[in-house]
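Architecture and fold: a report
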Amino acid sequence: MKGTVQHSIPVRQPEFDFSDDIPRYWFGDNPVVTHNFNGYNLLFPEFERFFVRSVVYFKDQVKDETLLEQMKGFAGQEINHAQAHQAYFAVLERQGYKISRLLKHYQNYARRLEKMASPKLRVALTAATEHYTSTIAGILVSHPEILEGVHPTMKKLLVWHSAEEIEHRSVAFDVMQYMGVSYRMRIAAFLMASLDTLLWTGMSTLMLLWQDRISPWQILRYKFQHSNKFRHTNKQMRRTLLTYFRKDFHPSQVDFLHEAHEQLKQVGIHE
């Protein structure tokens, strides 16, 4: 199939020590950045299982053997991501955060969406969200200075997840193309996924900051510290996200695979 990436998608199972030594603000002692990642983390298990179901739904209709093999690797990696991020929930709960109510609301929302959306829309939403995750992943592995000052366990989690997002970044998009999803649906799904990501990540981040009694003024101050330090990567992220609107776009056009594998070695994860 034209566009299918030919590299392998290995299913790794690294171990993570989610013990009590992970500090409350594990990302450079910055509560805003830490909770932005924590807020995104709370969504991962539910929507990654959604991704797997959305892609695997078409396995009996896909006749391309290479793509079928890529789909298996995609499913294996995403299931492991969901399990690892869900295991991290225990750290947040031990630190005193109340997260069960938001998780229940998001689970209900995601499952209603899955029932209402057609199979093609579901895979289009998956491809769109994968563009977000692989864009963030590419920035993290190509700018390792961003993760300086991050707790080792959380750095290992972020690098592993980022590397595998880069490895399977094309799979949902290729399945979407194989099934003949139109450009119009692809863009509509991207806009829906953008709103969904911003809304739910924003709500979960603010929920955690509110529980820490971080004032609006403190939020702005911590956010400015982070934004000022990584302004160049924010520009890179916006530019990369917008490439999705090109009719000739394909996820393989942005390739950080070498950087991803180098960062995996740095955190002690090997093939």
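A brief look at the structure comes next. (Residues numbered from 1 in each chain as written. Predicted model: local features only at pLDDT ≥ 70, side-chain atom pairs only at ≥ 80, totals over all residues. Heavy atoms only, no water.)

**A short note on the pattern of salt bridges**
Opposite charge on two side chains makes pairing possible when the charged atoms of those side chains draw close. Note the cut-off: The rule for a salt bridge is simple: a side-chain nitrogen of Lys or Arg has to be within 4 Å of a carboxyl oxygen of Asp or Glu. To qualify as a helix, a DSSP run of H or I must reach at least 4 residues; to qualify as a strand, a run of E must reach at least 2; elements of each kind are numbered from the N terminus.
A complete count under the given rule lists ten salt bridges for this structure. A salt bridge links Arg24 to Asp212; the shortest N-O distance between them is 3.0 Å. One end of the pair, Arg24, is in the segment before α1 (31–56); the other, Asp212, is in the loop between α7 (183–211) and α8 (216–229), and 188 residues separate them in sequence. Close ionic contact of Lys59 with Asp60 constitutes a salt bridge, the shortest N to O distance being 3.5 Å.

**Looking at the packing of helix α5 (residues 152–167) against helix α10 (residues 257–266)**
Keep this limit in mind: Geometry is summarised by axes, namely lines fitted to C-alpha atoms with helices restricted to the contacting stretch, and by angles between N-to-C directions that run from 0 to 180 degrees. The cut-offs work like this: below 35 degrees is roughly parallel, past 145 is roughly antiparallel, 65 to 115 is roughly perpendicular, and the gaps in between are oblique. Left-handed is the label given to a crossing in which the near helix is rotated counterclockwise from the far helix by less than a right angle, and right-handed is the label when the rotation is clockwise. Working rule for contacts: check all heavy atoms of both residues, and any pair within 4.5 Å makes them a contact.
For the pair α5 and α10, the least separation of the axes is 9 Å and the interaxial angle reads 150 degrees. Taken together, α5 and α10 sit at an angle that is classed as roughly antiparallel. Crossing hand, α5 versus α10: left-handed. Residue-level inspection shows Val159, Trp160, Ala163, Ile166 and Glu167 of α5 in contact with α10, the latter providing Leu257, Ala260, His261, Gln263 and Leu264.

**So, the environment of His161**
What counts is decided by this rule: Residues adjacent in sequence count toward polar contacts only when both atoms are side-chain atoms; beyond that, a polar contact is any pair of N or O atoms within 3.5 Å, and within protein one must be able to donate a hydrogen and the other to accept it.
Mapped onto the fold, His161 is located in helix α5. In this structure, the C-alpha to C-alpha distance between His161 and Glu78, residues 83 residues apart in sequence, is 9.0 Å. Discounting chain neighbours no more than four positions away, the residues touching His161 are Phe44, Glu48, His81 and His85. At a separation of 3.1 Å, a polar atom in the side chain of His161 contacts the side chain of Glu48. Separated by 2.9 Å, the side chains of His161 and Glu165 make a polar contact.

**Overview of the environment of Tyr244**
Our working definition: A 1.4 Å probe rolled over the protein chains alone gives each residue an accessible area, and that area as a share of the maximum for its type sets the label: buried under 20%, exposed over 50%, partly exposed in between.
Mapped onto the fold, Tyr244 is located in the loop between α9 (231–242) and α10. Look at Tyr244 and you get buried, because its relative accessible area is 1%. For the pair formed by Tyr244 and Ala128, sequence separation is 116 residues and the distance between their alpha carbons is 8.2 Å. If near-sequence neighbours (up to four positions away) are discounted, Tyr244 is found in contact with Ala124, Ala127, Ala128, His131, Phe173, Met176, Arg186, Ile187, Phe190 and Phe249.

**Quick word on a nonpolar patch on the surface**
Quick note on the threshold: Residues with no salt bridge and a relative accessible area higher than 30% make up the patches, which join like charges within 9 Å and nonpolar side chains (Val, Leu, Ile, Met, Phe, Trp, Tyr) within 5 Å. To measure how exposed things are, a 1.4 Å probe is used in the Shrake-Rupley method; for residues, cover is taken only from the protein chains shown.
Among the surface-exposed residues, Tyr183, Leu191, Leu242 and Phe245 lie close enough to one another that they form a single nonpolar patch of about 360 Å² accessible area. Here Leu191 is to be found in helix α7.

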